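# Architecture and fold: a report
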Amino acid sequence: MTPEMNASLLSQTTLEKPVLDSLCMGDQASWEILIGKHQDRMLNYLYHLEGNYDDALDLCQETFFRAWKGIKTFKVGEALLPWLYTIARNVQIEKHRRKSHGQFSLDEAFEDHGFEPAIASESPQRNAESAQSVERVREALLTLPEEYRSAVVLRFMNDLSYDEIASVQRVAVGTAKSRVFRGKELLEKALTGKVLVE
């Protein structure tokens with residue numbers, strides 16, 4: 001891989017033909033760069049959908065495996081992130097279709113503790129309150145129907161535009177906006193009385 005292709009892979013949200021050709025040929029360095037750049041984002045997205053780090057890690061690995069298998073279907077100039085999010089979402093949906101039950105287990109949600117490291121300057125009490133708030137939000141997210149949870153996570157935790165959310169969820173932009181709005185409403189209802197307002 002040339003340095004120009006390496007820079008293109010790291011800096012752009014779309015893939016140019018030389019980079020895509022390199023990925024299609026199975027160039028290991030190109031794949032390592034692609035995965036290195038996007039794995040944290042995919043893992044974070046899947047973690048918020050699953051509520052369990054180990055499951056999210058397994059799904060993240062499956063996502064990049066499917067991306068590797070399907071890279072030849074990717075079109076030059078197409079946005080890369082929505083394509084990866086779509087694969088991740090489909091992998092997550094398929095996992096739950098294979099399960100005998102369609103709901104998430106809160107026991108699984110408690111297996112992993114916290115999202116973010118505590119800030120050193122905060123008091124232990126503030127850290128504990130912050131961790132409890134994060135856990136409450138995570139629990140509330142897990143109560144939302146999948147299409148709303150996914151839309152909320154993509155919009156507010158992964159900063160995707162409505163167009164990108166629509167692409168990932170394979171719906172119209174208006175539907176994506178509606179899902180984000182309705183997801184926020186449902187999340188607020190789930191949190192009512194659970195999160196203290198300071």
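Here, the structure is the one placed above.
Residues numbered from 1 in each chain as written. Predicted model: local features only at pLDDT ≥ 70, side-chain atom pairs only at ≥ 80, totals over all residues. Heavy atoms only, no water.

Before going further, it helps to examine the overall build of the chain. The number of helices and strands found in the chain is 10 helices and zero strands. Counting helices and strands in the order they occur from the N terminus, the chain gives α-α-α-α-α-α-α-α-α-α. The 198 residues of the chain split such that 39% are buried. Contacts in the chain between residues at least 24 apart in sequence constitute 67% of all its contacts with a sequence separation of at least 6. Working note: accessible area of the chain is about 11,200 Å², and carbon and sulfur atoms make up 53% of it. (Helix = DSSP H or I, 4+ residues; strand = E, 2+ residues; numbered from the N terminus. Buried < 20%, exposed > 50% of the residue type's maximum accessible area, 1.4 Å probe, protein only. Contact = heavy atoms within 4.5 Å. Areas by Shrake-Rupley, 256 points an atom, 1.4 Å probe, with all protein chains shown as cover.)

Looking at the secondary structure, you find Pro82 in helix α5 (residues 80–98). Measuring from C-alpha to C-alpha, the distance between Pro82 and Ser167 comes to 6.1 Å, with 85 residues separating the pair along the chain. Not counting residues within four places of it along the chain, the set of residues in contact with Pro82 comprises Glu164, Ser167 and Val168.

This part takes up the side chain of His48. Relative to the helices and strands, His48 is located in helix α3 (residues 28–50). Engagement of the side chain of His48 in a polar contact is seen with the backbone oxygen of Asn44, the distance being 2.7 Å. (Polar contact = N/O pair within 3.5 Å; in protein donor to acceptor, adjacent residues only side chain to side chain.)

Listed in full, the buried residues belonging to helix α9 (residues 162–169) are Ile165, Ala166, Val168 and Gln169. Buried positions in α9, seen along its axis, are confined to an arc of 165° and lie on one side of it. The inward-facing, buried residues of α9 abut α3, α5, α8 (146–157) and α10 (173–191). (Arc of directions from axis to C-beta.)

Here the structure, examined in full by the defined rule, presents seven salt bridges. Notably, a salt bridge pairs Arg66 with Glu62, separated by 2.8 Å at the nearest N-O pair. Here the residue Arg66 and the residue Glu62 both occupy positions in helix α4 (residues 53–70), the gap between them amounting to four residues, near one helical turn. Residue classification places Arg66 among the partly exposed residues on the basis of a relative accessible area of 26%. Between Arg66 and Glu94 there is a salt bridge whose closest N-O contact spans 2.7 Å. With Arg66 in helix α4 and Glu94 in helix α5, this pair connects stretches of sequence that are 28 residues apart. A single salt-bridge network, built from bridges that share partners, covers Glu50, Asp55 and Lys95. (Salt bridge = Lys/Arg side-chain N within 4 Å of Asp/Glu carboxyl O.)

Bringing the nonpolar core into the picture now. Core analysis: the largest hydrophobic core is formed by 43 residues, its most contacted members being Met42, Tyr45, Trp83 and Tyr85. Every element with two or more residues in this core is listed here: α2 (17–24), α3, α4, α5, α7 (124–143), α8, α9 and α10. Contacts of Met42, omitting those with residues within four sequence positions, involve Cys60, Phe64, Leu81, Leu84, Tyr85 and Ala88. (Core = buried A, V, L, I, M, F, W, Y, C linked by side-chain atoms within 4.5 Å.)

Attention shifts here to unusual backbone geometry. A positive phi angle, close to 55°, is found at Asp159, a residue other than glycine. In this structure, Asp159 sits in the loop between α8 and α9. Assessed through its relative accessible area of 65%, Asp159 is described here as exposed. Here Arg170, not a glycine, exhibits a phi torsion of approximately 55°, which is positive. Judged by relative accessible area, Arg170 falls into the exposed class, the value being 62%.

Attention shifts here to α4. Helix length check: α4 (18 residues) gives 25 Å between terminal C-alpha atoms against 26 Å at 1.5 Å per residue, within 8%. Among all positions of α4, only Asp55, Ala56, Leu59, Cys60, Thr63, Phe64, Ala67 and Gly70 are buried. The buried residues of α4 all sit within an arc of 165° when viewed along its axis, so they share a single face. Facing away from the buried surface of α4 by more than 90 degrees, the exposed residues are Gln61 and Lys69. (Expected span 1.5 Å × (residues − 1).)

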